[in-house]
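Observations on the three-dimensional arrangement
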Amino acid sequence: MAKSKLELFQKRRLRVRNKLRKVNDGKLRLSVHRSNKNIHAQLIDDAQGHTLAHASTLEPDMGLAGKNNVEAAARIGAAIAERAKAKGVEEAYFDRGGFLYHGTIRALADAAREGGLKL
């Protein structure tokens, strides 16, 4: 029986996240979520259950509301790297969730690396 797209996405997301947790114990997680209209990035400390930094296209000062393209993702990646450095974070692991490492997800990761965040 064929599985729905949502079931396949959730299975892929759990597979990626569980593999990353085994390898990167103790590091912070840069989690990315992409919708059809927006893109979000969070720097999460899983040990304490806190979000240290967040960047999104929905923020008014970004001026990117409703845009989910490579340029917007690059600006979000640069913003999350800047905010992470302000909090004293230099290293994290990249959790792409169930999204393929292509297009906007790749642009966000590359911009975060260029901003000085080790992924």
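Source: prediction; values computed, not measured. Residue numbers run consecutively from 1 along every chain, following the written order of its sequence. For a predicted model such as this one, the threshold for reporting local features is a pLDDT of at least 70, and the threshold for listing and counting side-chain atom pairs is 80 or more; totals across whole chains, interfaces and linings nevertheless cover every residue. Each side-chain value is worked out from all heavy atoms of the structure, with water and hydrogens disregarded.

1. Some words on the sheet that holds strand β4 (residues 92–95)
Across the sheet, four strands lie side by side as β3-β2-β1-β4; this open sheet has mixed pairing. Two strands close off the open sheet at either side, each with one partner strand: β3 (50–56) and β4. Sheet twist, expressed as the average angle between the axes of neighbouring strands with direction ignored, equals 20°. As paired elements, strand β1 (residues 28–34) and strand β2 (residues 39–45) share six bridges and run antiparallel to each other. Counterpart to R29 in the pairing with β2 is I44. A strand pair is defined by DSSP finding two or more bridges across the two strands. Runs of H or I in DSSP of at least four residues are treated as helices and runs of E of at least two as strands, each being numbered from the N terminus. Note on geometry: axes are C-alpha line fits, over the in-contact stretch for helices, and angles between N-to-C directions span 0 to 180 degrees.

2. Some points on the pattern of salt bridges
Salt bridge criterion: a side-chain nitrogen from Lys or Arg within 4 Å of a carboxyl oxygen from Asp or Glu. This model, assessed by the stated rule, comprises seven salt bridges. In this structure, the salt-bridge partner of D46 is R29, at a minimum N-O distance of 2.8 Å. Here D46 is found in the loop between β2 and β3, whereas its partner R29 is found in strand β1, with 17 residues between them in sequence. Classification of residues uses two cut-offs on accessible area relative to the type maximum, computed with a 1.4 Å probe and protein chains only: under 20% is buried, over 50% is exposed, and between them is partly exposed. Residue classification places R29 among the buried positions, given a relative accessible area of 7%. Ionic contacts of the salt-bridge type, sharing partners, join the residues R17, R29, D46 and D95 into one network.

3. Some words on the confidence of the model for the protein chain
Residue-level confidence of the predictor, termed pLDDT, takes values from 0 up to 100. Predicted confidence across the protein chain gives a mean pLDDT of 91, with 99% of residues reaching 70 or more. Ranking the elements of the protein chain by mean pLDDT puts helix α1 (residues 5–23) last, at 90, and helix α3 (residues 104–114) first, at 96.

4. Considerations on the packing of helix α2 (residues 70–86) against α3
A pair of packed helices can be characterised by two numbers: the angle between their axes and the separation between those axes. Relative to each other, α2 and α3 sit at 35°, their axes nearing to 7 Å. Considering the relative orientation of α2 and α3, their crossing is right-handed. When α2 is examined against α3, the residues V70, A73, A74, I76, G77, A78, I80 and A81 are found in contact with a partner set consisting of T104, A107, L108, A111 and A112. The classification used treats Ala, Val, Leu, Ile, Met, Phe, Trp, Tyr, Cys and Pro as nonpolar, Asp, Glu, Lys and Arg as charged, and all other residues, Gly among them, as polar. The class makeup of the residues in the contact of α2 with α3 is 11 nonpolar, two polar and no charged. By the definition used in this description, the sense in which the near helix is turned from the far one sets the handedness, with an anticlockwise turn below a right angle giving left-handed and a clockwise turn giving right-handed. Contacts between residues were defined by any pair of non-hydrogen atoms, one from each residue, lying within 4.5 Å.

5. Section: the environment of V70
Checked against the element boundaries, V70 lands in helix α2. When its relative accessible area of 41% is taken as the criterion, V70 is described as partly exposed. On a C-alpha basis, the gap between V70 and K19 in space is 27 Å, while along the polypeptide they are 51 residues apart. Residues contacting V70, with those up to four places away along its chain left out, are G103, T104 and A107.

6. Observations regarding the environment of R113
Mapped onto the fold, R113 is located in helix α3. For R113, a relative accessible area of 37% corresponds to the partly exposed category. Linking R113 and G77, residues 36 residues apart in sequence, is a C-alpha distance of 8.2 Å. Apart from the residues lying within four places of it in its own chain, the contact partners of R113 are Y101 and L119.

7. Thoughts on the packing of aromatic side chains
Planes of paired rings set the category: under 30 degrees apart is stacked, over 60 is edge-to-face and the rest tilted, where pairs are Phe, Tyr or Trp rings (Trp by its six-membered ring) whose centres lie within 6.5 Å. Under the definition given, this model contains two aromatic pairs. Between the aromatic rings of F94 and Y101, the centroid separation amounts to 6.2 Å while the plane-to-plane angle is 85°, which identifies the pairing as edge-to-face. Its relative accessible area of 35% is what places Y101 among the partly exposed residues.

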